[in-house]
Amino acid sequence: MDQTSRTRRPLERGHYDANYGNFQTKLYEEIRREAFGDDIGQNSWLTATELDRFREWLDLSPGESLLDVACGAGGPALRIAALTGCSVIGIDVHEHAIAAANALAAERGFQQLAKFRVMDAAQQLPFPDNSFDAITCIDAINHFADRHHVITDWWRLLTPKGRLLFTDPIVMTGPLTNAEIAVRSSAGFYLLVPKGYDEDVIAQCGLRLVASENVTQNMADVAERRRVARESRELALREIERDEAYEAQQKFLAVAALLAKEGRLSRFMYVAEKLS
């Protein structure tokens with residue numbers, strides 16, 4: 001989703017609204033289980049195993065706080081809260097996503113520990129300085145047009161020594177055709193960047209890079225498994241999503257898997273720490 005605008009294209013509406021609007025149905029739960037292995041309520045390239053490894057970098061504990069930017073349906077943030085005892089605020093521009101997140105929090109008994117709000121994270125966020133011990137943004141930073149502005153605001157929100165962890169799933173690491181770029185960016189606004197760009201922005205925003213890791217293989221595997229899982233349920237999905245949106249999402253997943261497998265469009269994880 002282009003977080004800078006609430007005017008969305010038809011294919012984008014089909015992509016996100018169908019996924020989040022039907023998030024708690026048995027059909028979509030089955031697809032997530034086949035795509036991710038463990039269904040923790042995610043809708044990106046993130047698996048439970050990967051999230052648990054990421055969580056260790058954040059080193060959160062009871063009494064500390066996490067802001068999850070572009071939280072989607074809230075599953076990953078709720079898992080972190082459950083395993084660490086920290087409090088969570090999740091924000092996302094999609095109303096259906098936040099509705100699903102709040103329903104999931106209620107289902108798991110986390111209404112007091114986790115709050116989810118509709119919010120445009122491309123704008124300066126309405127929280128005081130030094131509000132959070134950690135900030136996460138999983139597979140969504142590419143939807144913000146002004147990355148420097150966004151990360152600078154995150155720096156403001158972090159406590160001293162607070163940590164930011166984000167994944168960038170569309171780092172250019174090989175040749176891409178215009179047709180491939182068009183398909184891969186068909187679900188909203190996407191900012192494709194060259195390798196090294198994120199590291200430069202992190203430094204410019206006053207953060208110290210603690211770790212970076214190439215996590216492209218996870219994206220390749222999840223995209224392909226999700227495509228296959230959806231294909232096996234084609235008739236039911238066409239009924240819900242309609243032909244244009246279903247076909248567009250299948251093509252999106254096929255291209256995402258191919259580009260990741262060939263190492264031409266990569267996914268990286270970054271952990272950075274606020275210096276003061």
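Residues numbered from 1 in each chain as written. Predicted model: local features only at pLDDT ≥ 70, side-chain atom pairs only at ≥ 80, totals over all residues. Heavy atoms only, no water.

## Side note on unusual backbone geometry
- For A70, which is not a glycine, the phi torsion comes out positive at approximately 60°.
- For A70, the location among the structural elements is in the loop between β1 (65–69) and α4 (75–84).
- Under the relative-accessibility criterion, A70 is labelled buried at 16%. (Helix = DSSP H or I, 4+ residues; strand = E, 2+ residues; numbered from the N terminus. Buried < 20%, exposed > 50% of the residue type's maximum accessible area, 1.4 Å probe, protein only.)

## A word on the environment of S276
- Looking at where S276 falls in the secondary structure, it is placed in the segment after β8 (265–274).
- Setting aside its immediate chain neighbours within four residues, S276 contacts W155 and P160. (Contact = heavy atoms within 4.5 Å.)

## Focus on the packing of helix α2 (residues 26–36) against helix α9 (residues 216–231)
- Closest axis-to-axis distance for the α2/α9 pair is 8 Å, and the angle between their directions is 145°. Once α2 is placed against α9, the crossing between them reads as right-handed. Of the residues in α9, those in contact with I31, E34, A35 and F36 of α2 are V222, R225, R226, A229 and R230. (Axes fitted to C-alpha atoms, helices over the stretch in contact; angles between N-to-C directions. Left-handed = near helix turned anticlockwise from the far one by under 90°.)

## Thoughts on helix α11 (residues 243–261)
- Over its 19 residues, α11 runs 27 Å from end to end, which matches the ideal 27 Å to within 8%, given 1.5 Å per residue.
- Looking only at α11, the buried set comprises A245, Y246, Q249, Q250, F252, L253, V255, A256, A257, L259 and A260.
- Two residues or fewer past α11, G263 is found with a positive phi of approximately 70°. (Expected span 1.5 Å × (residues − 1).)

## Some points on the packing of helix α6 (residues 147–157) against helix α8 (residues 197–204)
- It is the contact of α6 with α8, at a shortest axis distance of 9 Å, that shows an interaxial angle of 45°. Classified by the interaxial angle, the pair formed by α6 and α8 is oblique. Relative to α8, the crossing made by α6 is right-handed. Touching R147, H148 and I151 of α6 are Y197, D198, V201 and Q204, all from α8.
- The residue inventory of the contact of α6 with α8, partitioned by class, reads 3 nonpolar, 2 polar and 2 charged. (Parallel < 35°, antiparallel > 145°, perpendicular 65-115°, else oblique. Nonpolar A, V, L, I, M, F, W, Y, C, P; charged D, E, K, R; others polar.)

## Things to note about the pattern of salt bridges
- Evaluated as defined, the whole model comprises 22 salt bridges.
- Put simply, E50 and R267 hold a salt bridge, and the shortest N to O gap is 2.8 Å. With a gap of 217 residues between them, E50 in helix α3 (residues 48–58) and R267 in strand β8 connect regions that are remote in the sequence.
- Judged by relative accessible area, which is 0%, R267 ranks as buried.
- Notably, a salt bridge pairs D52 with R79, separated by 2.9 Å at the nearest N-O pair. Residue D52 is located in helix α3, and its partner R79 is located in helix α4; the two are separated by 27 residues in the primary sequence.
- Take D52: its relative accessible area is 18%, and that puts it in the buried class. (Salt bridge = Lys/Arg side-chain N within 4 Å of Asp/Glu carboxyl O.)

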